[in-house]
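A closer look at the structure
What follows is the residue order along each chain.
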Amino acid sequence: MKLLVCGGAGFIGTNYILFALKAHSDYEIVNYDKLTYAGNLDNLREIENNPRYKFEQGDITDLDRLNEVISKHNITHIINFAAETHVDRSIHGGTKEFVLTNTLGVQMILDAVRFNKIERFIQVSTDEVFGSLGLNEDRKFTETTPIWPNMPYAAAKAGGDLMCNAYWITHKVPVIVTHCSNNYGPYQFPEKLIPFFVFKLLKGEKVPVYGDGLNIRDWIHAVDHAKALDLLLHKGVLGEVYNIGVDNERSNLEITKMVLKLMGFGEDKIEYVTDRPGHDRRYAIDSSKITALGWIPEYTRDKFEQGLKETIEWYKNNTQWVENIWQKKQNEMNVFQKGLERSDEKQQSST
Ligand SMILES: NC(=O)c1ccc[n+]([C@@H]2O[C@H](COP(=O)([O-])OP(=O)(O)OC[C@H]3O[C@@H](n4cnc5c(N)ncnc54)[C@H](O)[C@@H]3O)[C@@H](O)[C@H]2O)c1
């Protein structure tokens, strides 16, 4: 297997590469990443000299570069993690980047798959493309739930999903699309909920909870997600869609209280802040289709507290990792923060 992993320097891509190199001695992996603010090669230091791992910097919207790397390394399979992923950024500015990478970028990979006769391409997507479920609705997202995204991030991801379907139907491009729920685990960029809260608490600061905190997500460990994707590389049916989740629905407030308890803080550290505009209420995943293929996640609902505890320990033991990110990405973070402030000022002046 000569595998091109697009976006391998991000959170889930890193977890996937570290897992796959250990699990399969016959895999050769090329990590193709643009290294946006979210890409971090420090994640992969322990394998940078592994002869079965190579890094190539590149943008998935650049078809010439994709073709060059694919032919240089005789690539046979592709998994795409590369995306703009932070929902708040897609709301408060930079939406164009989301459409370019999450929709156009996927179409460029599909062309590269088609013209280079790649055997199999896994497009990693999200449950957010389905829109929102009601809090008390007795329903989960299945593979046939209509795509109806509410967030610009999710709409851009949905564009990529639809393009995969169209290339499968029109050109028989060998693609599989996955919809996974919220991931947690090591190496997550510290703007996302769990690492963000951990680092705020380590600095003695309060943690901001959007709205009433009752928005529900199904939380899965990134390594379980990685194992599901790896299974699909071998056993997934081409042209199909697979949902990935572990029946671990938790409200944001419940997650916040668990993080506080595991870190030895009380609920006085919670600060309720204005809700995210258009904030989806609930996501829940029916993953019976991939389970029937033989996927067995380790961190099921009853092991969530253990997974969360291990994750928090990892961040506490790797504070230098986050310090390096702040130093390297300070500029980018400042630009984003200024954009947020400007957008908040506009909201305030219009209310
Ligand atoms: N994090 C979650 O909870 C979650 C849940 C479900 C699905 N997903 C999907 O999984 C994938 C990975 O998510 P993540 O949380 O690891 O993201 P991330 O933001 O941590 O990493 C994204 C990576 O993609 C790279 N990248 C961005 N634009 C690129 C481009 N144009 N060309 C090449 N590389 C580019 C970045 O440098 C970074 O390394 C995404 O497609 C996301 O939609 C994430």
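Here the structure is a predicted model, which means the values were calculated and not measured.

Scanning the protein from terminus to terminus reveals 11 helices and 12 strands. For the protein, the proportion of its 351 residues judged to be buried stands at 54%. Excluding contacts between residues fewer than 6 apart, the proportion of contacts in the protein whose partners are at least 24 apart in sequence is 82%. For the protein, the exposed surface amounts to about 15,200 Å²; the carbon and sulfur share of it is 51%. Between the centroid of the 41 positive side chains of the protein and the centroid of its 48 negative side chains there is a distance of 2 Å.

Our next topic: the site of the ligand. In the neighbourhood of the ligand, 28 residues make up the surrounding shell, with Ile12, Asp33, Thr85, Tyr153 and Lys157 lying closest. Between Gly39 and the ligand, the recorded distance is 3.5 Å, taken from a backbone N or O atom to an oxygen atom. Coverage of the ligand by the protein amounts to 97% of the 840 Å² it exposes when considered alone. Taken together, the elements giving at least two residues each to the shell around the ligand come down to α1 (11-23), β5 (120-126), α5 (152-171) and β7 (182-184). The element best represented in the shell around the ligand is β5, accounting for 3 residues. Grouping the amino acids of the shell around the ligand by side-chain chemistry returns 12 nonpolar, 12 polar and 4 charged.

In space, the 3 strands of this open sheet follow the order β7-β9-β11, with mixed pairing throughout. Edge positions in the sheet fall to β7 and β11 (249-251), since each of these pairs with one other strand and no more. Taking the axes of each pair of neighbouring strands and ignoring which way they run, one obtains an average angle of 50° across the sheet. As defined by bridge partners, strand β9 (residues 216-221) adjoins β11 across 3 bridges and the pair is classed as antiparallel. Note that in β11 the partner of Asp218 across the bridge is Glu249. Helix α7 (residues 222-235) rests against β7 and β9 of the sheet, and its axis sits at about 75° to β9.

Moving on, we get to unusual backbone geometry. The backbone of Lys117 shows a phi angle near 55°, a positive value even though the residue is not glycine. We classify Lys117 as exposed; its relative accessible area is 70%.

As a further point, take the confidence of the model for the protein. The predicted coordinates of low-pLDDT regions are not to be read in fine detail. Here the protein averages 93 in pLDDT, and 94% of its residues register 70 or above. Per-element confidence in the protein is highest for strand β1 (residues 2-6), whose mean pLDDT is 99, and lowest for helix α11 (residues 319-350), whose mean pLDDT is 64. Across residues 343-351, confidence stays below pLDDT 50; counting only partners more than four residues off in sequence or on other chains, it has 4 contacts.

Right, let's get into α1. Because the α-helix completes a turn every 3.6 residues, residues three or four places apart line up on one side. For α1, which comprises 13 residues, the first-to-last C-alpha distance of 19 Å matches the rise-based estimate of 18 Å (1.5 Å per residue) to within 8%. By the criterion of burial, α1 is predominantly enclosed, with 10 of the 13 residues buried. Buried within α1 are the following residues: Phe11, Ile12, Gly13, Thr14, Asn15, Tyr16, Ile17, Leu18, Ala20 and Leu21.

In contact at an axis separation of 8 Å, helix α4 (residues 95-115) and α5 are set at 20° when each is read in the N-to-C sense. Taken together, α4 and α5 sit at an angle that is classed as roughly parallel. Read as a crossing pair, α4 and α5 show a hand that is right-handed. In contact with Thr95, Phe98, Val99, Asn102, Thr103, Val106, Gln107, Leu110, Asp111 and Arg114 of α4, α5 contributes Pro152, Tyr153, Ala156, Lys157, Gly159, Gly160, Met163, Cys164, Tyr167 and His171.

Moving on: the packing of helix α6 (residues 193-202) against helix α10 (residues 304-317). Two quantities define a packed helix pair, namely the angle between the helix axes and the distance between the axes. Remark: α6 packs on α10, axes separated minimally by 10 Å, with the N-to-C direction vectors making an angle of 55°. Between α6 and α10, the angle falls in the class oblique. Remark: the crossing between α6 and α10 carries right-handed chirality. Between α6 and α10, the contacting residues are Ile194, Pro195, Val198, Phe199 and Leu202 on the first element and Leu308, Thr311, Ile312, Tyr315 and Lys316 on the second.

Residue position: Asn31 is located in strand β2 (residues 28-33). We classify Asn31 as buried; its relative accessible area is 0%. Aside from chain neighbours lying at most four places away, what touches Asn31 is Val5, Gly7, Gly8, Ala9, Ile17, Leu41, Leu44, Tyr53, Lys54, Phe55 and Glu56.

Rules behind the numbers
Residues numbered from 1 in each chain as written. Predicted model: local features only at pLDDT ≥ 70, side-chain atom pairs only at ≥ 80, totals over all residues. Heavy atoms only, no water. Helix = DSSP H or I, 4+ residues; strand = E, 2+ residues; numbered from the N terminus. Buried < 20%, exposed > 50% of the residue type's maximum accessible area, 1.4 Å probe, protein only. Contact = heavy atoms within 4.5 Å. Areas by Shrake-Rupley, 256 points an atom, 1.4 Å probe, with all protein chains shown as cover. Lys, Arg positive; Asp, Glu negative; His and termini not counted. Charge placed at Lys NZ, Arg CZ, Asp CG, Glu CD. Near = heavy atom within 4 Å. Polar contact = N/O pair within 3.5 Å; in protein donor to acceptor, adjacent residues only side chain to side chain. Nonpolar A, V, L, I, M, F, W, Y, C, P; charged D, E, K, R; others polar. Pairing = 2+ DSSP bridges. Axes fitted to C-alpha atoms, helices over the stretch in contact; angles between N-to-C directions. pLDDT = per-residue confidence, 0-100. Expected span 1.5 Å × (residues − 1). Parallel < 35°, antiparallel > 145°, perpendicular 65-115°, else oblique. Left-handed = near helix turned anticlockwise from the far one by under 90°.

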